[in-house]
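Secondary and tertiary structure notes
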Amino acid sequence: MQSVIKSIIILFFGIVSCKNSDRKINELGLDQRSTLLINSEYNTWIKEQYKLEKWEPNSMDIEAAHDLIEIAIKDNKFNFLAKPIKQNFKKYYRQYIPYINKNGDRIIEVNAFCKIPEYPVDGDIKSMDWEKKYVNIMDGGECYWQIKLNLDQMKYFDLNINSNA
């Protein structure tokens, strides 16, 4: 009987923690095609390689990031797309990777891609877990792009568009 009660309690807390995670994402103003990477292997790599610490943005930070992307759009930095990015932005899957640069500024790197990468596993095709693992594609053209946003200086930099293979 006690093991049944323990199982029910564990199941309850598991459901509650998943809902809290979804609520946290929604509270940040992220949609179904965006995720916040804070505890990924990529965050660990940034820390080990560049000694850059992560930070947790709030909804105002995400809104500021979107404002900076709007500025980049107005500055025609996204003219590589056949269709205007303002209309297409929400069609991209987006990973938001926050870190503190060496000057102490809060940076959000946005990694965008038009489709979730797939890979073969035991004869099947599986989709990458893009909500937990950084998507790093070497080609693919305008389907894959990245931009870095300095929230403390309200500047964008390092807009990169993948080349075509």
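Now for a look at the structure at hand. (Residues numbered from 1 in each chain as written. Predicted model: local features only at pLDDT ≥ 70, side-chain atom pairs only at ≥ 80, totals over all residues. Heavy atoms only, no water.)

All right, on to the pattern of salt bridges then. Per the counting criterion, the structure on display carries five salt bridges. For K47, the salt bridge goes to E53, with nearest N and O atoms at 3.5 Å. Look at E53 and you get partly exposed, because its relative accessible area is 41%. In this structure, D61 and R106 form a salt bridge, with 2.7 Å as the shortest nitrogen-oxygen distance. Of the two residues, D61 sits in helix 3 (residues 59-74) while R106 sits in strand 3 (residues 106-113), which places them 45 residues apart along the sequence. Residue D61 is classed as buried on the basis of its relative accessible area, which comes to 9%. Salt bridges sharing partners connect three or more residues here, namely D61, R106 and D152. (Salt bridge = Lys/Arg side-chain N within 4 Å of Asp/Glu carboxyl O. Buried < 20%, exposed > 50% of the residue type's maximum accessible area, 1.4 Å probe, protein only. Helix = DSSP H or I, 4+ residues; strand = E, 2+ residues; numbered from the N terminus.)

Time to look at the environment of A112. Checked against the element boundaries, A112 lands in strand 3. Between the C-alpha atoms of A112 and Y96, which are 16 residues apart in sequence, the distance is 8.9 Å. Among residues more than four places away in sequence, those in contact with A112 are Y92, Y93, R94, C143, Y144 and W145. (Contact = heavy atoms within 4.5 Å.)

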